[in-house]
Amino acid sequence: MSGGPTIPQKRNLVTAIPGPLSQERHERKKAFVSDGVGTTLPVYVEAAGGGILVDVDGNALIDLGSGIAVTTVGNAAERVVARAAEQLAAFTHTCFTVTPYDGYVDVAQKLAELTPGEHAKKSALFNSGAEAVENAIKIARHATGRDAVIVFDHAYHGRTNLTMAMTAKQMPYKHGFGPFAGEVYRAPMSYPVRDGLTGAEAAARAIDVIASQVGADQVAAIIVEPIQGEGGFVVPAPGFLPALAAYAAENGIVFIADEIQSGFCRTGAWFAVDFEGVVPDMITTAKGIAGGLPLSAVTGRAELMDSVHAGGLGGTYAGNPVACAGALGAIEEMETGDLAARATAIGALMERRLRALREEFDVIADIRGRGAMLAIELCKPGTLEPDPLRTNAVAAHCHQQGVVVLTAGTWGNVFRFLPPLSISDELLEEAFDVIAEAFAATA
Ligand code: PMP
């Protein structure tokens, strides 16, 4: 069965979820794949496209997760497949740092054009988000000659040793995996529904921690997700990001926006920082950049990026030519299809449905996010006490009904909605009908 944009756009359940063939596959998974690699929903996918995932039992499920914000342009999107296939047939690998190729430089040029700011920019490409974050920190330390890195409460930056240290949530990301890398300091995040602070107040609180507990002149980088991903789509109060960026500039600190989850049209703009006119010194991207192929990037001020000696950055597969071709296809799709506008429209539809849900179910304490990156936080009615049990119950109901939803948040009490931007309004409405039923069924 082939996927992509031509796949029938209809939810269709022909077995219970997971079906018998998926269950068989899952037994095999349990035999041969580490239990440390978890599974949200054990349906084994055979094809995907538009807003649909088709499993081995023939069930068609609605996708509200995009493989965690990756298939923004849709699964097996035509331009991604065409360009990657052409590249596959030409050559699969040379190692860019041995004998280079155009695709890598084309992606770097696109990143220079699309990321915020008019200054000269350069990029280095990698494979995963965590690898991009690690390299951004390497570059910031090398350029400043300083060690300390400032991260925030609820942050997620990856699963490698340094990025585990930078990630906030203990279980499952850090549990038993220490000791962690040093010189990582955590500052309080702006979390409007919980702290009630303005952006300026929340920034002052964070800056006080940095100044009094770390020392501005010790800090190489402040790294922040402009909308926190795994943390539950926490959108800082307006003014928080600009105040941090200004503080960084005044103190010779590299200000890094981790846009790995929020970037590439997801929020209704190319990057989430665009909404506040913030120009980061460096930006990390991955996920949506390449339509499902593994690629990540660090893009930053040319003088920062060039401060590293030749050979200091790289990796065998970093900026693989097939992944680069996929990225060029994905970016072309975003530009020609004006996917930022589509993300805004999807966001408006989802927000309407979520507001109606909140009228009916007082367990929804907050609706937040931007564009096609929206979340709801579930708390015991009338309180801010997290309700992860209800969250899991609603998720299980949605999964049984063929709607793939993802949870998030430090307390596991957030639903995050990340549909592919290729999904139809009809499928979205149907998915939210199912979500409403799930809230009613678990009340
Ligand atoms: N940073 C952010 C903001 C992310 O959302 C993620 C992935 N969830 C990462 C870094 C790590 O990316 P990867 O899983 O590709 O290593």
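Please refer to the structure placed before this passage.
Not measured: the values here are computed from a predicted model.

A. Expanded view of the overall build of the chain. Summing up its helical and strand segments, the chain has 14 helices and 15 strands in all. Over its C-alpha atoms the chain spans a radius of gyration of 21 Å, differing by no more than 12% from the 22 Å that the globule rule assigns to 443 residues. Seen through its C-alpha atoms, the chain measures out along the principal axes to roughly 60 × 60 × 45 Å. Within the chain, the proportion of its 443 residues that are buried is 54%.

B. Here's a closer look at the site of the ligand. In the neighbourhood of the ligand, the contacting residues comprise Ser128, Gly129, Ala130, Tyr156, His157, Gly158, Glu225, Glu230, Asp258, Ile260, Gln261 and Lys287. Here Tyr156 contributes a backbone N or O atom positioned 3.5 Å from a nitrogen atom of the ligand. Here a nitrogen atom of the ligand sits 3.1 Å away from a polar atom, N or O, in the side chain of Lys287. Burial of the ligand by the surrounding chains reaches 83%, relative to a free accessible area of 400 Å². Of the residues belonging to the shell around the ligand, the class tally is three nonpolar, five polar and four charged.

C. Region of interest: the nonpolar core. Core analysis: the biggest nonpolar cluster contains 119 residues, and Leu64, Phe152, Ile222, Phe417 and Phe439 have the highest contact counts within it. Two domains each put at least three residues into this core: domain 1 (4–76 + 338–441) and domain 2 (80–336). Setting aside residues up to four positions removed in sequence, Phe439 forms contacts with Leu357, Phe361, Val363, Ile364, Ile376, Leu378, Arg390, Val394 and Phe415. In terms of nonpolar packing, the next biggest core, distinct from the first, is built from 10 residues, Ala69, Ile227, Met373 and Ala375 among them.

D. Focus on the environment of Ala248. Examined against the element boundaries, Ala248 turns out to sit in helix α9 (residues 240–250). Counting along the chain gives 27 residues from Ala248 to Ala221, while the straight-line C-alpha distance between them is 8.0 Å. Excluding anything up to four places from it in sequence, Ala248 contacts Ile222, Ile253 and Phe255.

E. Seen up close, the packing of helix α8 (residues 199–214) against α9. Taken N-terminus to C-terminus, the directions of α8 and α9 make an angle of 35°; their axes are 8 Å apart at the nearest point. Along this stretch, α8 crosses α9, giving a crossing that reads as right-handed. Contacts between α8 and α9 pair Gly199, Ala202, Ala203, Ala206, Ile207, Ile210 and Ala211 from the former with Phe240, Ala243, Leu244 and Tyr247 from the latter.

F. A look at empty space enclosed by the protein. One pass over the structure, following the stated rule, counts three cavities of 30 Å³ or more. Of the voids in this model, the largest cavity is the one considered here, and its volume is about 50 Å³. Pro226, Ile227, Val235, Pro236, Leu241, Ala272, Glu276 and Arg370 together form the lining of the largest cavity. Among the residues making up the lining of the largest cavity, the classes are represented as six nonpolar, no polar and two charged.

G. A nonpolar patch on the surface, seen in detail. A cluster of nonpolar residues, Phe32, Val33 and Val37, forms a patch on the protein surface that exposes about 310 Å² of accessible area. Within the fold, Val37 resides in the loop between α1 (20–32) and β1 (45–49). A residue is classified by how much of its surface remains accessible, and Val37, at 46% relative accessible area, is partly exposed.

H. Region of interest: the sheet that holds strand β11 (residues 364–370). Ordered by their spatial adjacency, four strands build an open sheet running β11-β12-β15-β14, and the pairing between neighbours is antiparallel. Strands with a single pairing partner mark the edges of an open sheet, and in this sheet they are β11 and β14 (406–408). Adjacent strand axes in the sheet meet at a mean angle of 25°, parallel and antiparallel pairs treated alike. Direction of pairing for β14 relative to strand β15 (residues 414–417): antiparallel, over a ladder of three bridges. Its bridge partner lying in β15, Ala408 is registered against Val414.

I. A look at the pairing of β11. Relative to strand β12 (residues 373–378), β11 runs antiparallel, the two being bridged by six bridges. Paired with Ile367 across the two strands is Ile376, which belongs to β12. Turn length for the β11-β12 hairpin, with the two strands adjacent in sequence and antiparallel, is two residues, and the turn residue Gly371 shows positive phi of about 55°.

J. Just the sheet that holds strand β13 (residues 403–404), in detail. Spatially, four strands are ordered β1-β2-β3-β13 in an open sheet, and the strand pairing comes out mixed. A single partner strand is all that each edge strand has here, and the edge strands are β1 and β13. For strand β3 (residues 60–63) and β13, the ladder comprises two bridges, and the chain directions are parallel. Across the sheet, the residue bridging to Ile62 is Val403, located in β13. Here helix α14 (residues 425–441) sits on the sheet in contact with β2 (52–55), β3 and β13, set at roughly 95° to β3.

K. Layout of unusual backbone geometry. Residues Met171 and Pro172 are joined by a peptide bond in cis, for which omega reads 5°. Tracing the chain through its elements places Pro172 in the loop between α6 (161–166) and β6 (184–187). One non-glycine residue, Glu183, lies in the positive phi region at around 60°. In this fold, Glu183 is placed in the loop between α6 and β6.

L. Looking closely at the packing of aromatic side chains. Under the definition given, this model contains 12 aromatic pairs. Centre to centre, the rings of Phe96 and Tyr104 are 3.7 Å apart; their planes meet at 5°, and the pair counts as stacked. Across the pair, Tyr104 and Phe96 agree in class, each one buried. An aromatic cluster is defined as three or more aromatic residues linked by ring pairs; in this entry it consists of Phe361, Phe415, Phe417, Phe432 and Phe439.

Basis of the calculations
Residues numbered from 1 in each chain as written. Predicted model: local features only at pLDDT ≥ 70, side-chain atom pairs only at ≥ 80, totals over all residues. Heavy atoms only, no water. Helix = DSSP H or I, 4+ residues; strand = E, 2+ residues; numbered from the N terminus. Rg over C-alpha atoms; globule rule 2.2 N^0.38 Å. Buried < 20%, exposed > 50% of the residue type's maximum accessible area, 1.4 Å probe, protein only. Near = heavy atom within 4 Å. Polar contact = N/O pair within 3.5 Å; in protein donor to acceptor, adjacent residues only side chain to side chain. Areas by Shrake-Rupley, 256 points an atom, 1.4 Å probe, with all protein chains shown as cover. Nonpolar A, V, L, I, M, F, W, Y, C, P; charged D, E, K, R; others polar. Core = buried A, V, L, I, M, F, W, Y, C linked by side-chain atoms within 4.5 Å. Domains from an automatic or database assignment. Contact = heavy atoms within 4.5 Å. Axes fitted to C-alpha atoms, helices over the stretch in contact; angles between N-to-C directions. Left-handed = near helix turned anticlockwise from the far one by under 90°. 1 Å grid on protein atoms, 1.4 Å probe; cavity = no way out; pocket = protein on both sides within 12 Å on 5 of 7 lines; lining within 4 Å. Points joined across faces, edges and corners; volume = space filled by probe spheres on them. Patch = residues over 30% accessible without salt bridge, like charges linked within 9 Å, V, L, I, M, F, W, Y side chains within 5 Å. Salt bridge = Lys/Arg side-chain N within 4 Å of Asp/Glu carboxyl O. Pairing = 2+ DSSP bridges. Phe/Tyr/Trp six-rings, centres within 6.5 Å; stacked < 30°, edge-to-face > 60°.

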